[in-house]
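Reading the structure
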Amino acid sequence: MFDEIANLHAKCFPEHPWSSDDFRDLKKSGCEIIMSENGFIVYRSVVDEAEIITIGVNPEMQRKGIATAMIGIIENILKNQGVKKIFLEVSSTNIAGQKLYESTGFKNVGLRPKYYNGVDAILMEKQL
Ligand SMILES: CC(C)(COP(=O)(O)OP(=O)(O)OC[C@H]1O[C@@H](n2cnc3c(N)ncnc32)[C@H](O)[C@@H]1OP(=O)(O)O)[C@@H](O)C(=O)NCCC(=O)NCCS
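**So, the packing of helix H1 (residues 2-12) against helix H2 (residues 20-28)**
Helix-helix packing is characterised by the crossing angle of the two axes and by the distance between the axes. For the pair H1 and H2, interaxial distance at closest approach is 8 Å and the crossing angle is 115°. Read as a crossing pair, H1 and H2 show a hand that is right-handed. On H2, the residues touching Phe2, Asp3, Ile5, Ala6 and His9 of H1 are Ser20, Phe23, Arg24 and Lys27. Considered class by class, the residues forming the contact of H1 with H2 number four nonpolar, two polar and three charged.

Pasting the structure below:
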């Protein structure tokens, strides 16, 4: 599973791929990973808050609702666990990511200047 997700991650983020060991470490640190043939989502929850760590969809399969469906799946899981809020950071240069999160109900709640190698991160949240 970790090799497959690393391969898919490299297709989605060719400029900064994560290794199988990176995903293994995320799982060990308590993150949940959901992966299908064309997409993955990594998230973690602590008490009543959760964070989306990363999400990606095979470039050949984008704009078909796969990421929206994955976000819907984790929202249901998290609601059932009593989570009240999901938050995430997205690069200010990542328009696809920002549009995805806006379209799934996340609101822009702050900015972390120069968070990713000099690029600002937008902090977004959604109340469940
Ligand atoms: C961002 C990403 C996960 C979206 O996956 P997806 O399965 O294509 O998303 P969806 O089909 O569910 O899109 C839902 C909505 O998000 C918006 N959106 C998604 N991709 C977009 C793009 N490239 N440009 C503009 N808006 C986009 C649209 O509003 C879209 O609805 P529409 O297709 O009806 O217009 C995908 O582009 C990806 O893997 N990108 C590389 C990795 C990445 O940037 N991840 C997010 C940050 S961690």
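After presenting the structure, the write-up continues.
**Let's talk about the site of the ligand**
Around the ligand sit 18 residues, and of these Val57, Arg63, Gly65, Thr68 and Asn94 come closest. Between the ligand and Lys64, the relevant distance is 3.2 Å, taken from an oxygen atom to a main-chain nitrogen or oxygen of the residue. At 2.5 Å from an oxygen atom of the ligand is found a side-chain nitrogen or oxygen belonging to Thr68. Coverage of the ligand by the protein amounts to 75% of the 900 Å² it exposes when considered alone. When atom positions are compared with the pocket grids, the ligand is found to occupy the largest pocket. At the level of elements, strand E3 (49-57), helix H3 (66-80) and helix H4 (95-103) are the ones that each hand at least two residues to the shell around the ligand. Residues of the shell around the ligand, tallied by class, amount to nine nonpolar, six polar and three charged.

Cut-off values and rules
Residues numbered from 1 in each chain as written. Predicted model: local features only at pLDDT ≥ 70, side-chain atom pairs only at ≥ 80, totals over all residues. Heavy atoms only, no water. Axes fitted to C-alpha atoms, helices over the stretch in contact; angles between N-to-C directions. Helix = DSSP H or I, 4+ residues; strand = E, 2+ residues; numbered from the N terminus. Left-handed = near helix turned anticlockwise from the far one by under 90°. Contact = heavy atoms within 4.5 Å. Nonpolar A, V, L, I, M, F, W, Y, C, P; charged D, E, K, R; others polar. Near = heavy atom within 4 Å. Polar contact = N/O pair within 3.5 Å; in protein donor to acceptor, adjacent residues only side chain to side chain. Areas by Shrake-Rupley, 256 points an atom, 1.4 Å probe, with all protein chains shown as cover. 1 Å grid on protein atoms, 1.4 Å probe; cavity = no way out; pocket = protein on both sides within 12 Å on 5 of 7 lines; lining within 4 Å. Sits in = over half its atoms within 2 Å of the grid points.

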